[in-house]
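# Architecture at a glance
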Amino acid sequence: YLALSTELFSEVTNNINQSKLVTIGNLNQSIIFEKPFGHDLYSAKEINQMLWNYFDEKQIYRIDHYLGKEMIQNIMMVRFANRIFEEIWHNRIIKNVKIYAKETDGILGRAGYYDQLGALRDMVQSHLLQILSLVAMEVPVTYHSDDVKDEKIKVLSHLHFDSDSLILGQYDGYLNENNIPSDSTTETFVFFKAYVNTPRFKGVPFYLMSGKKLDKKESLIEIEFEETSEQRKWNLPLSTNKLFIKIAPEDGMGLVLNSKVPGLRDDVEPVELEYCVACNEFGNLTEAYEKLIIDIVGQHKTLLTRWDEIEL
Ligand code: BG6
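Description of the structure in this document. As the structure is a prediction and not an experimental result, all values here were calculated from the model.

## What about the sheet that holds strand β8 (residues 242–248)?
Sheets are built from strands that pair by backbone hydrogen bonding, the pairs being arranged parallel or antiparallel. In space, the eight strands of this open sheet follow the order β4-β5-β6-β3-β7-β8-β9-β10, with mixed pairing throughout. A single partner strand is all that each edge strand has here, and the edge strands are β4 (159–169) and β10 (268–276). Along the sheet, successive strands turn relative to each other by an average axial angle of 15°, direction set aside. Of the pairings in the sheet, the one linking β4 to strand β5 (residues 189–196) comprises seven bridges and is antiparallel in character. Paired with H160 across the strands is Y195, a residue of β5.

## With respect to the packing of aromatic side chains
For the structure shown, the criterion picks out nine aromatic pairs. Residues Y54 and F55 carry aromatic rings whose centres are separated by 6.1 Å and whose planes lie at 70° to one another, so their mutual orientation is edge-to-face. Accessibility assignment for this pair places Y54 and F55 in one class, buried. Between F191 and Y207, the ring centres sit 6.2 Å apart and the planes meet at 20°, which makes this aromatic pair stacked. Of the two residues, F191 is situated in strand β5 and Y207 in strand β6 (residues 206–211); the sequence distance between them amounts to 16 residues. Residue classification places F191 among the buried positions, given a relative accessible area of 19%.

## Looking at the pattern of salt bridges
A full pass over the atoms with the stated rule returns 23 salt bridges. R62 serves as the salt-bridge partner of E57, at 3.0 Å between the closest nitrogen and oxygen.

## What to know about the packing of helix α3 (residues 70–80) against helix α5 (residues 111–136)
Two elements in contact, α3 and α5, have axes whose closest approach is 9 Å; the angle formed by their N-to-C orientations is 10°. With respect to α5, the axis of α3 lies roughly parallel. In this structure, α3 contributes I72, I75, M76 and R79 to the contact, and α5 contributes I131, L134, V135 and A136.

## Description of the site of the ligand
Every residue lining the ligand is accounted for by K35, H65, Y66, K69, E103, R110, Y113, D122, M123, H127, K212 and K217. The side chain of E103 places a nitrogen or oxygen atom 2.5 Å from an oxygen atom of the ligand. A distance of 2.7 Å separates an oxygen atom of the ligand from a polar atom in the side chain of H127. Across the complex, the protein chains shield 79% of the 390 Å² of accessible surface that the ligand would expose by itself. Looking at side-chain class alone, the shell around the ligand contains three nonpolar, two polar and seven charged residues.

## Some remarks on the pairing of strand β3 (residues 94–102)
Each regular strand displays side chains that alternate between the two surfaces of the sheet. Taken across its nine residues, β3 has seven buried, putting it largely inside the fold. For β3 and strand β7 (residues 218–225), the ladder comprises eight bridges, and the chain directions are antiparallel. Note that in β7 the partner of Y100 across the bridge is L220. Direction of pairing for β3 relative to β6: parallel, over a ladder of six bridges. Within the sheet, the bridge partner assigned to V97 lies in β6 and is F206.

Reading the values: the criteria
- Residues numbered from 1 in each chain as written.
- Predicted model: local features only at pLDDT ≥ 70, side-chain atom pairs only at ≥ 80, totals over all residues.
- Heavy atoms only, no water.
- Pairing = 2+ DSSP bridges.
- Helix = DSSP H or I, 4+ residues; strand = E, 2+ residues; numbered from the N terminus.
- Axes fitted to C-alpha atoms, helices over the stretch in contact; angles between N-to-C directions.
- Phe/Tyr/Trp six-rings, centres within 6.5 Å; stacked < 30°, edge-to-face > 60°.
- Buried < 20%, exposed > 50% of the residue type's maximum accessible area, 1.4 Å probe, protein only.
- Salt bridge = Lys/Arg side-chain N within 4 Å of Asp/Glu carboxyl O.
- Parallel < 35°, antiparallel > 145°, perpendicular 65-115°, else oblique.
- Contact = heavy atoms within 4.5 Å.
- Near = heavy atom within 4 Å.
- Polar contact = N/O pair within 3.5 Å; in protein donor to acceptor, adjacent residues only side chain to side chain.
- Areas by Shrake-Rupley, 256 points an atom, 1.4 Å probe, with all protein chains shown as cover.
- Nonpolar A, V, L, I, M, F, W, Y, C, P; charged D, E, K, R; others polar.

So, in structure tokens, the structure goes:
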């Protein structure tokens, strides 16, 4: 299981191969690896080529722990097992999508790792784009790994970044963290707008944001729907329906509807229907890594990432 800095990669994989800890083609032996997948396209390709030199693709597991999180696994269920969402999941009804991962912690002593990467590579390349592709993809033929990935790939290859919207930031005090160079310009905050130019999502802005040392810990997907024509005709408040898929600090969902203000006023107000996963479960919830490692032992790859996703 390798969670290594890029420059150690070649030596370690070579030694694993030399020592026959993992021999090519033996499916009872697997190699798991975590980001960073290099620091740019070229170095990512180099790392991947090295893996292919020493191991069979079937033995390689590229982990993204967000994919093991309860509510991220749930995106497909919410979309495809609910008639009410399946029918309206497109650009005629969806107004915009927000995908946020806000953290209150700083870099927690991981200077050596973090300063080389920054928020874009640490959180966006991996976790947020995985979420985006699950939200925007077409219905996969089956839940089988390759079918799901083939659909995610189509999203990633139609992704267009609005570079004018990009905001990068660095939190106050970052330069005083241990082992951070005093002139580091590494970003700890990133925000931008992107579009998925598929027939389903063309024209719908996706707002992505992630940062450290922000006001609260919150990872969230917000799907905002268009207003109804009656809201305008009847001069009602233009508050919109929203679906929240809540990833942290608590797993859950929220659905914001418009409802009459109780009592004598003829007015409308937004109300939220809430589902909290932990409130309905006994004992500990499964950790993302537990689920992924169990899947790896069982050789199930649906929740792991494939090389072409990383490459794109
Ligand atoms: C990791 C990043 O992949 O995800 C960290 O390297 C980040 O910088 C972490 O803090 C966030 O994960 P979680 O599960 O705490 O939301």
